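Here's the letter readout for the chains.
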Amino acid sequence: MPFLTGENGVYILVAIAVHILVYMFVTRKRAKNIVGKHVVITGGSKGIGLCLAVECAMKGANVTVIARDEKMLSGAVALMEVIRQLPEQKFQYRCLDLSSKYEQVAETFANIEESLGDIYMLINCAGLAICGTFEEVSVEDARMLMNVNYWGTYNCTRYVLPKMKKSGEGIIVITASQAALFGIYGYGPYAASKYALRAMAETIAMESRHLGISVTLALPADTNTPGFQNEEKTKPKETKIISGGGGLAEPERVAKQILNDALKSNFISILGFESWLLTLLGGGLFRWGGLFQNVFHALVLGPLRVIGCFLHLHFERIIRNCAKEKND
């Protein structure tokens, strides 16, 4: 009597599925606890940064928010006071131009730590976008994009990283953009600054993971924030059509996803199917999750590469059509 009957085959498949589910349950990542820990959030006065400050406050953290507008910063602290979870929680703000000289940023961060203790988690969320074709964006604006987006993140991360390595723990979040995955019409200097953040995150993660520090690279798509509204003012028509296909996410959802991924030590933080698709296509060497996720990616990358070709053809058709309209 053959052993591998139809009924036995079903039992074997069920057993394999159960073992896989048990393995995934046992090895799933547990979120880190930030109750009583000091979290610093740059760009924490509005948009995604403010939503992250609220999320951290609701998880019991002591929070410092950093930005340049003191009135908005005081409002952020007032909001956290309203939703505080523990009587001993502390909230504060600092006005600071993060693209200043490193020494000035380091001095402010040292002062921050004197008030609330060593920084356990740094969330780099400050940034800005200026759009336009490569030659349309002024040299001054291109330098400002790199100063704010790259050097602002560099200065803060450069201060906390050696201290985290020494203590053997810490979380660093670097907020880039889907524009860090591939170049898009009208995003030239902006995308360059976000590509730089992607490289920074990958490098720091490789250098410090074995020392107990986790790095999360956040790659949000278009999000309904004040920064996005300003970005819309300089976007060429082609850029609006290309980027508009992905819809507009709400900052609260994006913030929840970023914090959840950071506390689970996930290197990549994305929200939505389209972001997953573009991130998989544009980040083939990213350090994704566990074994099953990587095996799944290996199986689907081939077919997705074909989709990527069609995406580029679609974008090129949009650009040609807009160019034709301009010439008519």
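Model, not experiment: these values are computed from the prediction. (Residues numbered from 1 in each chain as written. Predicted model: local features only at pLDDT ≥ 70, side-chain atom pairs only at ≥ 80, totals over all residues. Heavy atoms only, no water.)

## Some thoughts on the nonpolar core
Then step 1. Counting residues in hydrophobic clusters, the biggest one holds 55 residues, and the most contacted among them are F109, L217 and L219.
Then step 2. At the level of elements, α4 (102-116), β4 (119-124), α5 (139-167), β5 (170-175), α6 (188-208), β6 (213-218), α10 (273-282) and α11 (291-327) are the ones that each hand at least two residues to this core.
Then step 3. If sequence neighbours within four positions are ignored, F109 has contacts with V40, I66, L96, I119, L122, C156, Y159 and V160.
Then step 4. Membership of the second largest hydrophobic core comes to 31 residues, among which are V39, I41, A61 and A67. (Core = buried A, V, L, I, M, F, W, Y, C linked by side-chain atoms within 4.5 Å. Buried < 20%, exposed > 50% of the residue type's maximum accessible area, 1.4 Å probe, protein only. Helix = DSSP H or I, 4+ residues; strand = E, 2+ residues; numbered from the N terminus. Contact = heavy atoms within 4.5 Å.)

## Brief notes about α10
Then step 1. Residues S275, W276, L277, L278, T279 and L280 constitute the buried set of α10.
Then step 2. Those residues of α10 hidden inside the fold are in contact with β7 (268-269) and α11.

## Here we look at the domain arrangement of the protein
Then step 1. Under the domain assignment, the protein is made up of domain 1 (31-287) and domain 2 (289-327).
Then step 2. Between the C-alpha centres of domain 1 and domain 2 there is a distance of 26 Å.
Then step 3. Listed as interface residues are 12 residues of domain 1 and, on the opposing side, 16 residues of domain 2.
Then step 4. Between domain 1 and domain 2 the total buried area reaches about 1300 Å² when both faces are included, carbon and sulfur atoms providing 80% of it.
Then step 5. Where domain 1 meets domain 2, there are two salt bridges.
Then step 6. Remark: the boundary between domain 1 and domain 2 carries two residue pairs in polar contact (both at pLDDT 80 or more).
Then step 7. Elements that contribute at least two residues to the side of domain 1 that touches domain 2 include exactly α8 (237-244) and α10. (Domains from an automatic or database assignment. Buried area = accessible area lost by both parts, 1.4 Å probe. Salt bridge = Lys/Arg side-chain N within 4 Å of Asp/Glu carboxyl O. Polar contact = N/O pair within 3.5 Å; in protein donor to acceptor, adjacent residues only side chain to side chain.)

## Section: the confidence of the model for the protein
Then step 1. Taken residue by residue, the protein gives an average pLDDT of 89. The fraction at 70 or more is 91%.
Then step 2. Low confidence marks residues 22-27, where pLDDT is under 50. Its contacts with residues over four positions away, or in another chain, come to two contacts. (pLDDT = per-residue confidence, 0-100.)

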